[in-house]
Amino acid sequence: MTDALLPNGIKDGGGERNYFKKGCNPFAQTGRSKLQNQRAGLNKEIIKQMRLRAGAENLLKATSNNKVKEMVLLELSYCNSNLQLLMGQLEGLNSSVEVYQNTQETANIPLIALGLKETKEVDFSAPFKDFIMEHYNEDGRRYEDEIADLMDLRQACRTPSRNEEGVELLAKYFAHLPLVESRFFSPSRQTGIFFTWYDSFTGVPVCQQNLSLEKASILFNMAALYSQIGTRSNRQTPEGLEEAISSFQKAAGTLHHLKETFTHTPSYDMSPAMLSMLIRMMIAQAQECIFEKTALPGIRNHFYALLKMAQEASKVSEIYDHVHQYMIQTPIKDNVPLFWSTMAQVKTNHYRAVAHYFVALALLDHQLGAQDDEDQQEKALSQVYDHIPDGRTPLDILKRREEREKIGKAHIRRAILCHEEALRVYSLCLHLNKLEVLQEILKASLQRSVEKSSAHEEEEEEFTDYMEAPDIISKTEHKAEMEIPATIKVKVIDFFQRLGPLSVFSAKQQWTAPRTVHICPEDRDLGFTLKGEPPVQVVSLDPLCTAAEDGLKEGDHIVAVGDTDCKWMGVGDVMRLLKDVGEEGIDIQVVSMMDSNSAMPTKSATFSGNLPKTYSMICLAYNDDDKHPKANKVSKKSSFLSWGIKNKLKSTSTLSLPTADQSVSQPWNKPCPSFPRASSHNNDSL
């Protein structure tokens, strides 16, 4: 990992500037970096073939020459074949879970990690400089360092390290995005910046000019990074299992936050159906780690302990069964790797077999003795079964040795059947066959059940009418649940705070160019008073004073006094600058708010697979009452010096400017067409 340090805009307790780590070296020859490089290469090939296919389809519609049509159809068949091969290779990368596992693990079933979404580089430099010049009337070259910091932060997010520092890196960039959006992404104009992200399952590129796709993709990568941290944890130690449980729960929480916040993402891997499946899978893996943590100290060969572990294993099996059922639903099954659904099916059968094996041990190895609590054992056994066949009762099973052995053997037979089914399903998946560790665990579990069955076989039972073991009720003492990580709400300092307070100097506000006004006090009276949050506002302007004659207007905001920038100064600070002005006067710079109510959003386009889909934006809520209220003029001017004494309550009051009103921002909605031919304009509906 590189340790290059860059400014991150974070203030620590000492007031000094902190730094963020740049991320992993993209050229490092690690298994994970090689996998991501292969993913990036496949994404480039997929978009190339999709462009060829789009061109061929357009030519097929435009031409009437039969010979040309034949050639185009042949080219289309080649493109479709190449796309199938490329997407098959991408599915293979999504099935390569072994590179994410802990290198020291040899006795745990592998877990599934999400791969990071790939993106193209984005150059903010020219568009942001132009926007600063045109909108904020400042020289964009003065902000080259801030723009470079933002670009470096985004570039670092493409290769985050697989630890908490990597998650924090993504969280910081995610926290900066709303600030950048407010500064530079106006609802009335396009910046010309395109954000391109590739679907992690299909490789289909999606391109948008707003930041909704960018924010959603960063959240997805945060969840993917948490899943990779979980799979990398050492599950042979309690600490490693705690880390794995927490990581998978945080991954589920992040995906849930993504699903609830960004409801119209055009990329299918972030669609509500796919996110719901991924959330279930993360919760299932967290529950599996909880089971492993319970079993890590060793399972006592005790009646109650065995029944408890049986229900814990049944819980894991039940959750994975739900995940598998979700994966095989249309259209998820067409995009989820076969490896994933097969792995979920294998674990469903494996943990079901483990549950029946533990119940068999409890019944075959333990008899109800004189010292045992009969009522307690009856209660424990009754909580394991939903129903017992042939009218048996838990107490009958516990007291009668024949019944106890009969049901115990039924459980061991069902455990063997489930283990055999797990091995059969395992053998059907090509990518799953590469996991030798999984095969060894499945075979060892089957052999253990077979040996237990052989130990209780008797010759006279050859033609016995075997009963079927009843289902085991799932139960757990520690249920895995979604956890929203605190890093999602990390606080950062705006890179572009020199532009002024964000509540005033934002992309949605229109301002005049700064005007220079010369003010001269008359009898220590400047002819106006000040109020409001930074930047302070001119009120109670005397129309006959020298400042008014030089162009000062009621409602103007003071942004500079002499050579001192006043955008972040309050009333008291600006008063101190103006109090000592001599008879020669001083120049101040002011700006006036322009009426921006007529500015309506323009069209916004989403590109999916190089096919543009343009949507007309319609304002859903537009309130004329949100116009900037002009301050009422006061006929009698107040003395500048007496302003701070006689009107102390007025001067100290903090008035929120209308431009800071957050209620004017309204969501945009657009229906989401089917994937992948069509895509939907994304917006974040909170």
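Check the entry above for the structure.
Per chain, the residues get numbers from 1 upward, laid out in the order the sequence is written. Per-residue local features are limited, in this predicted model, to residues with pLDDT of at least 70; the limit for side-chain atom pairs, both in listing and counting, is 80 or more; totals at the level of whole chains, interfaces and linings are taken over all residues. The basis for the side-chain values is all heavy atoms of the structure; hydrogens and waters are excluded.

Draft legend 1. Inspection of empty space enclosed by the protein at higher detail. Of the grid points, spaced at 1 Å and generated over the protein atoms alone, those admitting a 1.4 Å probe that cannot get out make up cavities, while open sets with protein on both sides within 12 Å along at least five of seven lines make up pockets; any residue with an atom within 4 Å of a point is treated as lining. Grid points are joined across faces, edges and corners, and a volume is the space filled by probe spheres set on the points. Summed over all chains, the structure comprises three cavities of 30 Å³ or more. Lys117, Glu118, Thr119, Arg154, Cys157, Arg158, Trp197, Ile218 and Asn221 together form the lining of the largest cavity. Contributions of two or more residues to the lining of the largest cavity are made by helix H4 (144-157) and helix H6 (212-232). In this classification, the charged set is Asp, Glu, Lys and Arg, the nonpolar set is Ala, Val, Leu, Ile, Met, Phe, Trp, Tyr, Cys and Pro, and all remaining amino acids, among them Gly, are polar. For the lining of the largest cavity, the class distribution of residues is three nonpolar, two polar and four charged. Quantified by volume, the second largest cavity comes out at close to 40 Å³. Taken together, Ile112, Met281, Gln285, Tyr320, Val323, Met327, Trp340, Met343, Ala344 and Lys347 make up the full set of residues lining the second largest cavity. Going through the elements one at a time, helix H8 (272-295), helix H9 (303-327) and helix H10 (338-364) are the ones with two or more residues in the lining of the second largest cavity. For helices the rule is a DSSP run of H or I covering at least 4 residues; for strands it is a run of E covering at least 2, with both sets numbered from the N terminus onward. Considering every element that reaches the lining of the second largest cavity, the biggest residue donor is H10, with four residues. The residue makeup of the lining of the second largest cavity, split by class, is eight nonpolar, one polar and one charged.

Draft legend 2. Quick peek at the nonpolar core. Throughout, nonpolar core names a set of buried Ala, Val, Leu, Ile, Met, Phe, Trp, Tyr and Cys residues whose side chains join them through atoms within 4.5 Å. Relative accessibility decides the category of a residue: with a 1.4 Å probe and only protein chains considered, values under 20% of the type maximum give buried, values over 50% give exposed, and everything between is partly exposed. Judged by nonpolar contacts, the single largest core of 137 residues is most densely connected at Phe128, Leu278 and Trp340. The biggest single contributor to this core is H10, with 17 residues. Non-local contacts of Phe128, meaning those with residues more than four positions away in its chain, are made with Ile147, Leu150, Val180, Phe184, Phe185, Ile193 and Phe496. Core analysis: the next-biggest nonpolar cluster, separate from the first, contains 22 residues, Val517, Leu552, Val571 and Leu578 among them. Between two residues, a contact is recorded if the distance between any of their heavy atoms is within 4.5 Å.

Draft legend 3. Representation of H9. The span expected for a helix works out to 1.5 Å for each residue beyond the first. Here H9 spans 36 Å end to end across 25 residues, near enough to the 36 Å set by a 1.5 Å rise per residue. For H9, the buried fraction is high: 18 of the 25 residues fall into the buried class.

Draft legend 4. Geometry of the packing of aromatic side chains. In this scheme Phe, Tyr and Trp rings, the latter by its six-membered ring, pair at centre separations within 6.5 Å, and the angle between planes marks the pair as stacked below 30 degrees, edge-to-face above 60, and tilted otherwise. If you walk through the whole model with that rule in mind, you get 13 aromatic pairs. Taken together, a centroid distance of 4.8 Å and an interplanar angle of 80° make the contact between Phe184 and Phe496 edge-to-face. Separated by 312 residues along the polypeptide, Phe184 in helix H5 (residues 164-184) and Phe496 in the loop between helix H14 (436-455) and strand S5 (515-519) bring together distant segments of the chain. Per residue, the accessibility class of Phe184 equals that of Phe496, and both read buried. Taken together, a centroid distance of 6.2 Å and an interplanar angle of 35° make the contact between Phe185 and Phe195 tilted. Here Phe195 lies in strand S3 (residues 195-198) and Phe185 lies in the loop between H5 and S3, a separation of 10 residues in the sequence. In this pair, the class of Phe185 matches that of Phe195, namely buried. Here the aromatic cluster, defined as three or more aromatic residues joined through ring pairs, consists of Phe124, Phe128, Phe131, Tyr136, Phe184, Phe185, Phe195 and Phe496. The aromatic ring of Phe220 is capped on one face by Lys117, whose charged end is 5.8 Å from the ring centroid. Each ring is checked for a lysine NZ or an arginine CZ that lies within 6 Å of its centre and within 35 degrees of its normal; such an atom marks a charge sitting over the ring.

Draft legend 5. Spotlight on the pairing of strand S4 (residues 205-208). Both faces of S4 are covered, namely the face carrying Pro205 and Cys207 and the face carrying Val206 and Gln208. With four bridges connecting them, S3 and S4 associate as antiparallel partners. Looking at S4, one finds that Trp197 is bridged to Val206. Any two strands between which DSSP finds at least two bridges are classified as paired. Taking the residues that link successive antiparallel strands as the turn, the S3-S4 hairpin has six residues, and the phi of Gly203 there is positive, at about 80°.

Honestly, it's all geometry; don't read function into it.
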